[in-house]
Amino acid sequence: MTGSTTRPPLLDVSDLAVSFDTEGGAVHAVNGVSYTLAEGETLGIVGESGSGKSVHVLAMLGLIPRPPGRVTRGKVWFGGRDLLALPERDLRRVRGGEIGFVFQDPMSSLNPGMSVAAQIVEPLRIHLGLDQRAARARARDLLDLVRIPNTKGRLDQYPHEFSGGQRQRVMIAIGLACRPKLLIADEATTALDVTVQAEIVALVQELRREIGMAIIWITHDLGVVAGISDTVQVMYAGRILERGPVDALFRDPRNAYTLGLLRSLPDLSRGRAGRKRLQQIDGAPPDMRTPPPGDPFAPRNAYATPRCRAEMPPLSQAPGAAPGHLVAAWYDLPALLTREAAQQGHTP
Amino acid sequence: MSGVGQGNAGVAAPPAAWVASTREPGLLAAFWGRLRARPSAVVGLVVVGALMLMAALADVVAPYDPTATDWGNVRGAPSLAHPFGGDEVGRDVLSRIVYGARASLGAGLVSVLLAVSLGLPIGLVAGYAGGLVDGAIMRLTDALLAIPFLILAIALAAFLGPSLTNAMLAIGLSATSTFVRLTRAQVQAVAAEEFVEAARSVGNPPWRIALVHILPNIVPAILVQATLTIAAAIIAEASLSFLGLGQQPPEPSWGAMLNVAKNFMDQAPWMAIWPGLSIFVAVLAFNLLGDGLRDALDPRQRT
Amino acid sequence: MLRFLAQRLTLAVPTLVLASMIIFALQQLLPGDTATALSGEERDPEVIAFIRQKYHLDQPLPVRYAYWAGGVLKGDLGESIRLQKPVSELVIEKLPVTLELACLAMLVALALGVPMGILSAVKRGTFADTLANGIALWGLSVPNFWLGILMILLFSVHLGWLPASGYVPPSESLVDNLKAMAMPAFVLGNAIAAVMMRHTRAAMLGVLGSDYVRTARAKGVAPLRLILRHALPNAAIPIITLGALEFGQLLSGAVLTEQIFSVPGFGKLMVDAVFNRDFATVQGVVICTAATYIALNLAADLLSAAVNPKLRRA
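Starting afresh in each chain, residues are numbered from 1 along the sequence in its written order. A letter from A marks each chain and a number from 1 marks each ligand, given out in the order of writing. Only residues with pLDDT of at least 70 get local features here, since the model is predicted, and only at 80 or more are side-chain atom pairs given and counted; chain-wide, interface and lining totals rely on the full set of residues. Side-chain metrics rest on all non-hydrogen atoms present in the structure, leaving aside hydrogens and water.

## A closer look at the UniProt feature "domain: ABC transporter" (unreviewed entry) in chain A
Right, so step 1: Residues annotated in UniProt with the feature "domain: ABC transporter" (unreviewed entry) correspond here to residues 11-262 of chain A.
Right, so step 2: The span residues 11-262 of chain A is 40% helical and 28% strand by assignment, and the distance between its end C-alpha atoms comes to 28 Å. UniProt positions are given in the numbering used here, feature names are shortened, and annotations may be inferred rather than shown by experiment. Numbering of helices and strands starts at the N terminus; helices are DSSP runs of H or I of at least 4 residues and strands are runs of E of at least 2.

So this is what it looks like as structure tokens:
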């Protein structure tokens, strides 16, 4: 983490809960999420679809459809204000101004009926009050910034005239248009080809050095997170199960779900002989209309104890782990893994 | 032409996905539950039922002979003896409304039945055969759809001669292309489903796949369109009768009653109000029922 | 754009040709001897012989069609037996009246239907939405000839604000023309407005739930701009395409509306021709209606291409 502890965090989420009303009852998508984000910090949030990773940031900024979506409790402090208590009009000044967004699918997330220039100019005019000429000049600079060649000729083109990677660059240009303090990238590389993914990740890292904004990078792909984040946060069934500095979490996972995610990643650094078979996590996430009372991952977890099924463990400092490495687990994963390894050693 | 010509508003062809799901057991019950949960659909169903009952039991329900003239009741104002008043030759308006339901509902049902029984097989062939056959059928429906529904019906009625039977025939033929196109689109969607692929791979002959595997899955969409088309057909029959090309006097028909009534609007407004209201209620009921069926059959499309 | 236009035109031509064949084939439905039937009320053998010769009735059907279609292409729609006038002359005389009525009705339909559809999509699930849907259902279910009668009863008979019937050409007095057309246009537009409302609502709901509208909201775009600048232009394409199919409804409805309000247009020409057994006129009107419908649909295709950047640039 960057920044000293005396400065207030850029973003302070406390006990955020979100649900969606459906015919089958309320779906509890986010169940009490708390964390902080320092200025300039990059936080990677990992989880499968339905983990609440995207929903909770959209809910913070009033971007979930309401109804059926509903923030049921919590506070989100940003720049000295609780975003959840702000009237829509004031929240609009934050969205696209102080907080920029990059969404998943650049094909569907850009307006097919508006030229690229019109879409980049929009936040500049809304938040910075620029006139059309100045905003257009700025839009061109932004296309340069996201490394789109021949910007002059491309400003008046429409999204369908751009390639997938270029469209995502345009999305990033829109997200960064007003030099936000925080950029939220929601599955920003998921829809792209692998080579393009790497380009976009590299671009965002460069821009972060140039602009210095904080980033929340939401993805289901641990690999992307490893390359870009200072801190990683693992979410499951609307809760944070583990969170910590990126190296510590990868080296020393404390939650069985994190371990499962790590084991499902191919490790290309080892030689062919050293590679292990990829493992998958069996079972399916719980029905969020009736979340289990205890640890939501317990039903799929071979290491779960009876207490896991009965009571949700709090998110707290993992014993013996790096400072700031938090975990929600009743079991001691390193000890269990050591015992397992010892048993396997005896019975080959 | 710009695409599909489905006569009624808001009838997007339902996506293929739910089609497979209707095969699961217990879904008929679930469908019935969803239909009942929509008050407007229930109202539509009840009114449609009541109107049909009224038409069927007209002999019992109607207080007078619908063609019997009564010189004491010429343009008679509504009274206890004649609650809906009397018409230009003293016939009881209420009795004519009751008997008129036969012409209106009969025309609606018969013409749509004709349109479905012609359109369904043709659409099935077009959608399943594809190629030249499909192309030829589509061009023909394009051409038929280029002649507006009522204009075609009027032209047909003109050449066939004016009568209720010919009006039904004309409306049914005019509505056929809608069902051809709907069936074809549905067949193409269903034929792409995996269970049809599976049926094909185990060696089912094409006719069997079309009749056993595809047909049952497109019935719901046809049913919705048929219900909504009955509403349109009732208006069409009333329109033709209003123009004098449908039910011939002295037999009662709501449209024909309105035609006469417009000449006596200031002296006997009840002659115009009751038949018009009857058409409106019947059409509204079928529209409510059709909308309800559509929503109940495809919960994901619900608004 | 040009390629798109060419593609649409090549589809329209065979459609029109097939439609003309169907219309021509209607003659075959006439009971008894065609020449006798075509001569209408007349039973004069000379007239019958003239008709037999004029329509080449002694020739096989395809040959007769070729003669007829050749005439139609040269603008010869046949002769009105009743009015002793070329059908083309009658059509040219009446078509502008119906087109004016249709355009005014479309204007009414758009002015009522589109804002109502937008409102009910934006305010989905509220009372306003329910109300708008209720109005649309009313519009779809009320027979327009009945609505016409009720409006005459109210506005002409009771209030005396508007003329119950009659037509004043706009060249004579635009104000009187519009006064005479107000009720017919509203009656005719009413049902189309309901359809437009439903199409607009569905299209707007789809667009409002799209990712790019979420992007716009994430940029801080205000609601009004969100609806008018981001959502509506994208919803316009399906509204235009589906709305164009309603031209048929418009032309059908015009027949009844003209009958009720005694507007001397296409519809009235056709109905009068039907009763006079003036079949050449019926055929002429139907083929012109089909051509008008196809032309209006082409115009709508062009319009939707113009609002769609993908087609505009192609």
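Now, onward.
## Remarks on the packing of helix H6 (residues 127-141) of chain C against helix H8 (residues 174-208) of chain C
All names here are of chain C.
Right, so step 1: Axis lines are fitted to C-alpha atoms, over the contacting stretch for helices. Their N-to-C directions set the angle, which ranges from 0 to 180 degrees. Contact geometry for H6 and H8: axes closest at 7 Å, N-to-C directions at 140°. With respect to each other, H6 and H8 are oriented oblique. Judged by the twist between their axes, the crossing of H6 over H8 is left-handed. Mapping the contact onto sequence places Asp129, Ala132, Asn133, Ala136, Leu137, Trp138, Gly139 and Leu140 in H6 and Asn190, Ala191, Ala194, Val195, Met197, Arg198 and Arg201 in H8. Comment on the angle field: the value is read as roughly parallel under 35 degrees, roughly antiparallel over 145, roughly perpendicular from 65 to 115, and oblique elsewhere. By convention the crossing between two helices is left-handed if the near helix lies anticlockwise of the far one by an angle smaller than a right angle, and right-handed if it lies clockwise. Residues are treated as being in contact if the distance between any of their heavy atoms lies within 4.5 Å.

## Quick word on the pattern of salt bridges
All names here are of chain B.
Right, so step 1: Any Lys or Arg side-chain nitrogen located within 4 Å of an Asp or Glu carboxyl oxygen qualifies as a salt bridge. Throughout the structure, instances matching the rule amount to 31 salt bridges over all chains.
Right, so step 2: In this structure, Asp142 engages Arg181 in a salt bridge whose closest nitrogen and oxygen atoms are separated by 2.8 Å. With Asp142 in helix H6 (residues 131-146) and Arg181 in helix H8 (residues 164-191), this residue pair connects regions lying 39 residues apart in the sequence. Each member of the pair, Asp142 as well as Arg181, is classed as buried.
Right, so step 3: The closest approach of N and O atoms between Arg294 and Asp291, which form a salt bridge, is 3.3 Å. Highlighted residues: Arg294 and Asp291, both in helix H12 (residues 270-297), separated by 3 residues, approximately one helical turn. Here the term buried applies to any residue with accessible area under 20% of the maximum for its type, exposed to any over 50%, and partly exposed to those in between, with areas from a 1.4 Å probe on protein chains only.

## Notes on the interface of chain B and chain C
It is common to give the size of an interface as the accessible area that goes away when the parts come together.
Right, so step 1: With 50 residues of chain B in contact, the opposing surface of chain C contributes 56 residues.
Right, so step 2: When two components associate, each loses some accessible surface as probed by a 1.4 Å sphere; the sum of these losses over both components is called the buried area. Overall, the association of chain B and chain C removes approximately 4700 Å² of surface from exposure, summing both partners, and the carbon and sulfur fraction of that is 79%.
Right, so step 3: For Asp291 of chain B, the salt bridge is made with Arg198 of chain C, and the minimal N-O distance between the two is 2.5 Å.
Right, so step 4: Mapped onto the side of chain B that touches chain C, the elements with two or more residues apiece are H6, helix H7 (149-160), helix H10 (206-242) and H12 of chain B.

## Comments concerning the sheet that holds strand E7 (residues 182-186) of chain A
Residues and elements named next belong to chain A.
Right, so step 1: Here the rule is simple: two strands pair whenever DSSP picks up at least two bridges between them. Spatial ordering of the open sheet is given by E6-E7-E8-E3-E9-E10-E12-E11, a layout of 8 strands whose pairing is mixed. Two strands lie at the open edges of the sheet, namely strand E6 (99-102) and strand E11 (316-317), each paired on one side alone.
Right, so step 2: Bridge count for strand E3 (residues 42-46) against strand E9 (residues 231-236) is 4 bridges, and the pairing is parallel. Note that in E9 the partner of Ile45 across the bridge is Gln233.
Right, so step 3: Along the sheet, helix H7 (residues 164-176) contacts E6 and E7; its crossing angle with E6, the most-contacted strand, is approximately 170°.

## Let's talk about the UniProt feature "domain: ABC transmembrane type-1" (unreviewed entry) in chain B
Right, so step 1: The positions that UniProt labels "domain: ABC transmembrane type-1" (unreviewed entry) are, in the present scheme, residues 101-290 of chain B.
Right, so step 2: Spanning residues 101-290 of chain B, this segment combines 84% helix with 0% strand, and its end C-alpha atoms are found 19 Å apart.

## So, the UniProt feature "transmembrane region" (unreviewed entry) in chain B
Residue and element names in this part refer to chain B.
Right, so step 1: Following the UniProt record, one finds the feature "transmembrane region" (unreviewed entry) at residues 41-62, 105-131, 143-161, 214-236 and 272-290.
Right, so step 2: Between the end C-alpha atoms of residues 41-62 there is a gap of 28 Å, over a span that is 91% helix and 0% strand.
Right, so step 3: Between the end C-alpha atoms of residues 214-236 there is a gap of 31 Å, over a span that is 100% helix and 0% strand.

## Section: the packing of aromatic side chains
Right, so step 1: Each pair of aromatic rings taken from Phe, Tyr and Trp, with Trp reduced to its six-membered ring, is defined by centres within 6.5 Å and is described as stacked if the planes are under 30 degrees apart, edge-to-face if over 60, and tilted in the remaining cases. Across all of its chains, the model carries 12 aromatic pairs over all chains by this definition.
Right, so step 2: Pairing Tyr236 of chain A with Tyr257 of chain A gives two aromatic rings, centres 4.7 Å apart and planes at 55°, and the pair type is tilted. With Tyr236 of chain A in strand E9 and Tyr257 of chain A in helix H11 (residues 256-263), this pair connects stretches of sequence that are 21 residues apart.
Right, so step 3: Judged by relative accessible area, Tyr236 of chain A falls into the buried class, the value being 1%.
Right, so step 4: Among the aromatic residues, those joined into a cluster by ring pairs are Tyr236, Tyr257 and Phe297 of chain A.
Right, so step 5: When the NZ atom of lysine or the CZ atom of arginine is within 6 Å of a ring's centre and also within 35 degrees of its normal, the charge is said to sit over that ring. Residue placement shows Arg154 of chain A over the ring face of Phe162 of chain A; its charged tip is 4.1 Å from the ring centre.
Right, so step 6: Lying across the ring of Phe103 of chain A, Arg214 of chain C places its NZ or CZ 4.1 Å from the centre.

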